Amino acid sequence: MSEKEITQKSRNFYEKFQFPGNRPIDRDGLIFLRRFSGSIKDCSKNNKVQTVRVLDAGCGTGNTSVSLAGMYRNIEFYGVDNSKASLEKAKKLSSEKGLRNIHFRKWNLLKPLPYTRKFDIVLCLGVLHHTANMKKVLLNLNKCLKNNGKLYLWIYAKHGRYKHSLNMRFLDMLINAKPKTKDEIHLAKEFLNQIHKINPLEDLTGDENTAYMQKKTIEGPVWIADQFLNPHEILIDMETLIGVVDSAGFEFENLLGFNEDISEFTGSKILLNKFRRLNRTDRLIALDLLIKPERYFVCLNKTASKRGNSKCLH
Ligand SMILES: C[S@@+](CC[C@H](N)C(=O)[O-])C[C@H]1O[C@@H](n2cnc3c(N)ncnc32)[C@H](O)[C@@H]1O
């Protein structure tokens, strides 16, 4: 499929299922809020008189950016998304809260962003793996960031999400068994209730995220669709992620929610010593192989000069 066809399919999907419905704050959300407030303080100091600007790239229904705009009224938020229906919900949400510091625009992230003034912070949460060309999107985000700007990226991880991708493929086969299923949500719900008995759902929502999140996931059609029926979801591993962010002019500041060490898994001095001798790139790759997370949540810095494809971080 061409980039255009993938984007069209994904857009049609999100026009039908605007994500997220109502998303409770989870562990990643809390970690993010703490980091984000630190970034805002830094930007406010650096900017002096200029207003801090934040872009939510692929903002969906505005769950994140509208909440942030409510918390930080003196910061300007911009949300772009390719789904008109999602943006309508985001606009409604922000006007219900009486916010004047958030602006939405329909935009395809595969095209250079339509803003002349650069951003201090860009968020791209749960979006990149649904786009037709990750590098192109990252390059576009890089161009609209200030030189010392930060990109917060949340993206599915290949090793931990792998079992779930097999579930998706299985369900897809059932949906397409003749006659093709019309009510996909109904079938997905049935599958989800049954598969739960054989295959616990720890691979579904991102982490050990407890009964509450899983119940939400199971109940809501938007979540079911997002988890099981998404027409385009590409899984990448840490090594590939490091390569693609590097080639788009970013470097890792932090892997959020992880201690970049294996001391919490082993007290073995010999293993710890060997692990700590790896350079940072290899440590991150090794951690990925060991932990097999379902998602990566990373804070990236725009590199001062684009370093091409050198994969070593230090
Ligand atoms: C899983 S939702 C995430 C929404 C939001 N960031 C959040 O975390 O709640 C993915 C969003 O990415 C948007 N999206 C996917 N591909 C896009 C593209 N090429 N350009 C703009 N938005 C895109 C979809 O329309 C959808 O709203």
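Residues numbered from 1 in each chain as written. Predicted model: local features only at pLDDT ≥ 70, side-chain atom pairs only at ≥ 80, totals over all residues. Heavy atoms only, no water.

**What to know about the site of the ligand**
- Looking at the ligand, there are 19 residues lining it, with G58, D81, N108, L109 and L125 nearest.
- Between the ligand and D81, the relevant distance is 2.6 Å, taken from an oxygen atom to a side-chain nitrogen or oxygen of the residue.
- Backbone polar atom of L109 to a nitrogen atom of the ligand: 2.9 Å apart, as the coordinates give it.
- Residue composition of the shell around the ligand, by class: eight nonpolar, eight polar and three charged. (Near = heavy atom within 4 Å. Polar contact = N/O pair within 3.5 Å; in protein donor to acceptor, adjacent residues only side chain to side chain. Nonpolar A, V, L, I, M, F, W, Y, C, P; charged D, E, K, R; others polar.)

**Some details on the nonpolar core**
- With 39 residues, the main nonpolar core has L55, L141, L153 and L241 as its most contacted residues.
- For this core, the element with the highest residue contribution is helix α10 (residues 238-247), accounting for five residues.
- Summarising the domain contributions, this core has at least three residues from each of domain 1 (3-156) and domain 3 (236-302).
- Residues within four places of L55 in sequence aside, it is in contact with Y78, V80, L113, Y115, F119, I121, V122, L123, L141 and C144.
- With 28 residues, the next largest nonpolar core counts F32, V54, C59 and F297 among its residues. (Core = buried A, V, L, I, M, F, W, Y, C linked by side-chain atoms within 4.5 Å. Buried < 20%, exposed > 50% of the residue type's maximum accessible area, 1.4 Å probe, protein only. Helix = DSSP H or I, 4+ residues; strand = E, 2+ residues; numbered from the N terminus. Domains from an automatic or database assignment. Contact = heavy atoms within 4.5 Å.)

**Structural notes on the packing of helix α2 (residues 27-47) against helix α3 (residues 63-71)**
- α3 packs onto α2 with a crossing angle of 45° between their chain directions and a minimal axis gap of 13 Å. Classified by the angle their axes make, α2 and α3 are oblique. Handedness of the α2/α3 crossing: right-handed. Between α2 and α3, the contacting residues are F32, L33 and F36 on the first element and T64, L68 and M71 on the second.
- Considered class by class, the residues forming the contact of α2 with α3 number five nonpolar, one polar and no charged. (Axes fitted to C-alpha atoms, helices over the stretch in contact; angles between N-to-C directions. Parallel < 35°, antiparallel > 145°, perpendicular 65-115°, else oblique. Left-handed = near helix turned anticlockwise from the far one by under 90°.)

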